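# Fold and contact review
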Amino acid sequence: MVAQTKDDILLKVQAAQSLSSEDPERAELYLRSALKDAEALGHSSATLHLQLAELLFRLRRTRQALAEVIEVLELDPFNLVALNLHRALGRRMR
Amino acid sequence: MLSGTKLEALLAKLRRALEERGDAEAAERLFREVTAEAQRLGFASAYVHFVLAGALDRSGKLEMAFDELKKAVRADPLALPVRHAFQDVAARLRAALADPARAADDADIPRLYALLVEAGEADLEAHLTMVRFAVATAQLERARVLAEAVTTLFPAARDGWEALARVARAQGDLARATAADAEAAVAGAHAPLFGVTGKALA
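Here's a quick rundown of the structure. (Residues numbered from 1 in each chain as written. Chains lettered and ligands numbered in written order. Predicted model: local features only at pLDDT ≥ 70, side-chain atom pairs only at ≥ 80, totals over all residues. Heavy atoms only, no water.)

## Focus: the packing of helix H7 (residues 124–136) of chain B against helix H8 (residues 140–153) of chain B
All names here are of chain B. Interaxial distance between H7 and H8 falls to 8 Å at its minimum, and their mutual angle equals 160 degrees. By the criterion of interaxial angle, the relationship of H7 to H8 is roughly antiparallel. Crossing hand, H7 versus H8: left-handed. Two secondary-structure elements touch here, H7 through Leu-124, His-127, Leu-128, Met-130, Val-131, Ala-134 and Val-135 and H8 through Leu-140, Arg-142, Ala-143, Leu-146, Ala-147, Val-150 and Leu-153. Counted by class, the contact of H7 with H8 contains 12 nonpolar, 1 polar and 1 charged residues. (Axes fitted to C-alpha atoms, helices over the stretch in contact; angles between N-to-C directions. Helix = DSSP H or I, 4+ residues; strand = E, 2+ residues; numbered from the N terminus. Parallel < 35°, antiparallel > 145°, perpendicular 65-115°, else oblique. Left-handed = near helix turned anticlockwise from the far one by under 90°. Contact = heavy atoms within 4.5 Å. Nonpolar A, V, L, I, M, F, W, Y, C, P; charged D, E, K, R; others polar.)

Here is the structure:
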C-alpha cells in the first residue's frame, strides 16, 4: 500500500467538505478514508472525528454520530462544539 | 472520556471567555487559564488555541494570534479550519511586514520576519524586507548572506538579484554586483507567479 502523506489526507478532507451538502454519503467515505490514513500515520485528529460526527448527525445516524463525538471528546474534552453536539445527540436519543 | 468537577469548572470558564465580548483582556486571561489547566491535565486542545487565536486577532494582537494558531496546528495538523486561519494570519503578517509605509530600519522588522521564517511562511517580499533592514542598520554581512540565499530560493525573481547587487556594491564587491546585475537583467520583472515560501538559508 502506498503511504499517504498529510497533504493527501487534507485533500480527502477538503473533498469531503465540498461534497457534504450534495453527496453526504460520498463525503462520509472520504472522511472515513482520511481517518484511516491519519491513523496509519499515527495521527488522531479530533477535528476529523468532529466533521464526521456532524455529517452523521445530519444523516440522522445518531448512534454512529455519538460514537464519533465521543472520540472527539476523548481527544479534546475542551471542544465546546463537540460538547454541544453530544448534548443534541443525547436529546435525540431520548 | 475526561469528566468530573474539575473539567466542568474549566468548561464553565471557557464558556465565560467565549461570552466575554466587552472585555477582551478578561476573555484572554480566562482562555489562557483554561489552556494552562488543560496542559496540566495532559491535553493540547487545538480548539482552545483556535478560539484564543480568534479573540487575540479581534483585539488586534496578530502576532500572539499567530502563535496560538501554530500551537493549534501542532495539536491537530489535520484540522482544515485551523489551517485556513493560520494561512490567513500568516498572509496578514506578511502584508504588515512588507507594508511600504514601514521604514527600512523599523525595529519591528526582525521580530515579524523571525515569526514568519520559524513558521516556514516567509515569502520573497518578506526576505527582501529583511535584507533592506540589514542594509539600513549597517549589517552588510548579514544582508549579503540573506540576499545570496534569496537568489538561490527565488532564482527567477529580479528583485532578489537587484537586492544582491545593491548589497554587494555597498560591500565594495563589484564583481558580484555586476554578476547580480546581469542576472537581474534576464530575470522576470516580477516575483514568480507560483512563488514558494520557506527559509532563506545560505
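## Side note on the interface of chain B and chain A
Counting from both sides, the interface comprises 24 residues of chain B and, opposite them, 25 residues of chain A. Of the roughly 2,000 Å² buried between chain B and chain A, counting both surfaces, carbon and sulfur atoms make up 71%. At the surface where chain B touches chain A, the tally comes to 0 salt bridges. For the side of chain B that touches chain A, the secondary-structure elements that each account for two or more residues are helix H1 (5–19), helix H2 (24–40), helix H3 (46–58) and helix H5 (80–97) of chain B. Of all the elements, H1 of chain B adds the most residues to the side of chain B that touches chain A, at 6 residues. When grouped by side-chain class, the residues that make up the side of chain B that touches chain A number 19 nonpolar, 2 polar and 3 charged. (Buried area = accessible area lost by both parts, 1.4 Å probe. Salt bridge = Lys/Arg side-chain N within 4 Å of Asp/Glu carboxyl O.)

## A word on the packing of aromatic side chains
Inspection of every chain in the model, using the stated rule, returns 2 aromatic pairs over all chains. Between the aromatic rings of Phe-78 of chain A and Phe-43 of chain B, the centroid separation amounts to 6.1 Å while the plane-to-plane angle is 75 degrees, which identifies the pairing as edge-to-face. Taken together, the positions of Phe-78 of chain A in the loop between helix H4 (62–75) and helix H5 (80–93) and Phe-43 of chain B in the loop between H2 and H3 put the pair across two chains. Taking the relative accessible area as the measure of exposure, Phe-78 of chain A reaches 0% and is therefore buried. Judged by centre distance (5.0 Å) and plane angle (15 degrees), the ring pair of Phe-66 of chain B and Phe-86 of chain B falls under stacked. Of the two residues, Phe-66 of chain B is situated in helix H4 (residues 62–75) and Phe-86 of chain B in helix H5; the sequence distance between them amounts to 20 residues. By relative accessible area, Phe-86 of chain B is classed as buried at 10%. (Phe/Tyr/Trp six-rings, centres within 6.5 Å; stacked < 30°, edge-to-face > 60°. Buried < 20%, exposed > 50% of the residue type's maximum accessible area, 1.4 Å probe, protein only.)

## Observations regarding the nonpolar core
Counting residues in each nonpolar core, the largest one holds 90 residues, and the members touching the most others are Leu-48 and Phe-78 of chain A together with Leu-14, Phe-31, Leu-93 and Tyr-113 of chain B. With 8 residues, H5 of chain B is the largest single contributor of residues to this core. (Core = buried A, V, L, I, M, F, W, Y, C linked by side-chain atoms within 4.5 Å.)

## A look at the environment of Ala-126 of chain B
All names here are of chain B. Assignment of secondary structure puts Ala-126 in helix H7. In this structure Ala-126 comes out as buried when scored by relative accessible area, which is 1%. The sequence separation of Ala-126 and Arg-166 amounts to 40 residues, and the corresponding C-alpha distance is 17 Å. Those residues in contact with Ala-126 that sit more than four places away from it in its chain are Leu-97, Tyr-113 and Leu-116.

## A short note on the layout of surface pockets
Rolled over the atoms, a probe as big as a water molecule pinpoints where empty space is left. Volume-wise, the largest pocket comes out at about 390 Å³. Of all the elements in the fold, those that place two or more residues in the lining of the largest pocket are helix H1 (6–19), helix H2 (24–40) and helix H3 (46–58) of chain A together with H3 and H5 of chain B. The leading source of residues in the lining of the largest pocket is H3 of chain A, at 7 residues. Its residues assigned to classes, the lining of the largest pocket shows 14 nonpolar, 5 polar and 4 charged. (1 Å grid on protein atoms, 1.4 Å probe; cavity = no way out; pocket = protein on both sides within 12 Å on 5 of 7 lines; lining within 4 Å. Points joined across faces, edges and corners; volume = space filled by probe spheres on them.)

## Side note on the pattern of salt bridges
Residue and element names in this part refer to chain A. Per the counting criterion, the structure on display carries 27 salt bridges over all chains. With a closest N to O distance of 2.7 Å, Arg-61 and Glu-28 form a salt bridge. Here Arg-61 is found in the loop between H3 and H4, whereas its partner Glu-28 is found in helix H2, with 33 residues between them in sequence. What makes Arg-61 partly exposed here is its relative accessible area of 28%. Judged by its relative accessible area of 9%, Glu-28 falls in the buried class.

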